[in-house]
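Coordinate analysis (summary)
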Amino acid sequence: MLKLEKLAVIGLGLIGGSFARALRESMPDLHIRGMDADVAQSARAVDIGVIDEAADSIPAVVQGTDLVIVAVPVSAIATCVAAVASAAPGVAITDVGSVKQPLLDALTAEGGIPEHYVPGHPIAGGERFGVDAANASLFRGRRVILTPTAGTAAAALATVRGAWQSVGAVVQSMDA
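Residues numbered from 1 in each chain as written. Predicted model: local features only at pLDDT ≥ 70, side-chain atom pairs only at ≥ 80, totals over all residues. Heavy atoms only, no water.

1. A look at the sheet that holds strand S9 (residues 170-173)
To keep it simple, the criterion reads: The criterion for strand pairing is that DSSP finds at least two bridges linking the strands in question. The helix and strand labels rest on DSSP assignments: H or I over at least four residues marks a helix, E over at least two residues marks a strand, and numbering proceeds from the N terminus. Orientation is described by lines fitted to C-alpha atoms, with helices fitted over the stretch in contact, and by angles between N-to-C directions that extend from 0 to 180 degrees. Only heavy atoms enter the contact rule, under which two residues are in contact if any of them lie within 4.5 Å.
One open sheet holds the three strands; their spatial order is S7-S8-S9, and the pairing between them is mixed. Here the strands that pair on one side only, and so sit at the sheet edges, are strand S7 (120-122) and S9. This sheet shows a mean twist of 20 degrees between the axes of neighbouring strands, independent of strand direction. With three bridges connecting them, S7 and strand S8 (residues 143-146) associate as antiparallel partners. Residue His 121 lies in a different strand from S8, and its bridge partner there is Ile 145. Lying over the sheet, helix H6 (residues 154-166) contacts S7, S8 and S9, oriented at roughly 170 degrees with respect to S8.

2. Description of the nonpolar core
Selection rule: We define the nonpolar core as a collection of buried residues of types Ala, Val, Leu, Ile, Met, Phe, Trp, Tyr and Cys that are connected through side-chain atoms lying within 4.5 Å of one another. Residue exposure (1.4 Å probe, protein chains only): buried if accessible area is under 20% of the type maximum, exposed if over 50%, otherwise partly exposed.
Counting residues in hydrophobic clusters, the biggest one holds 38 residues, and the most contacted among them are Leu 7, Phe 19, Leu 23, Leu 67, Phe 139, Trp 164 and Val 167. Every element with two or more residues in this core is listed here: strand S1 (6-10), helix H1 (14-26), strand S4 (67-70), S8 and H6. For this core, the leading source of residues is H1, giving six residues. When neighbours within four sequence positions are excluded, Leu 67 is seen to be in contact with Leu 4, Lys 6, Leu 7, Ala 8, Phe 19, Val 91, Ala 92, Thr 159, Val 160 and Ala 163. The next biggest cluster of nonpolar side chains, apart from the first, holds 22 residues, and it includes Ala 8, Val 91, Leu 107 and Tyr 117.

3. Points about the packing of aromatic side chains
Here is the rule we go by: Note on aromatic contacts: the rings of Phe and Tyr and the six-membered ring of Trp form a pair at centre separations within 6.5 Å, being stacked when their planes are under 30 degrees apart, edge-to-face when over 60 apart, and tilted otherwise.
The tally for this structure, following the rule as stated, stands at three aromatic pairs. When the centroid spacing of 6.5 Å and the interplanar angle of 65 degrees are considered together, the rings of Phe 19 and Phe 139 count as edge-to-face. With Phe 19 in helix H1 and Phe 139 in the loop between S7 and S8, this residue pair connects regions lying 120 residues apart in the sequence. A residue is classified by how much of its surface remains accessible, and Phe 19, at 1% relative accessible area, is buried. Between Phe 139 and Trp 164 the ring centres are 5.0 Å apart and the planes differ by 80 degrees, which places this aromatic pair in the edge-to-face class.

What is shown is where atoms sit, not what they do.
Structure, rendered in structure tokens:
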């Protein structure tokens, strides 16, 4: 069974917030640090208990974490993943973007795909948005597609797979 002590969530909207809520439900002692481009969203996430503390930079949010989930717009994922990998070498990283090959291409162009990055796509969502819409049951019984590369570290894949399974998702692997 997966054991995490610290989670970092970058992007505290519906998907990032729901992942944080769901993982906390399955791991009550988990410490969750988060950040959002909208500082008011970060503060609200603390106020309603989605995260324990807010950070204002990628190095601050990923410090000492076991897993980082990147839940930002697709256009910002590659840059964010590269920054996380630089700030926290060896930490498992995943994302929730709806496309994978363009992200892998962008990371390759930016210097390479981090070996601890496991691209992911939960097939879940809703009509509401923002951290107030975060729902701990959003991923239960829903499919999550992981698209590891040939260079993906086995430990990172196990961590990401285990985290999604912990929130009730049905995890499947595919090519990007």
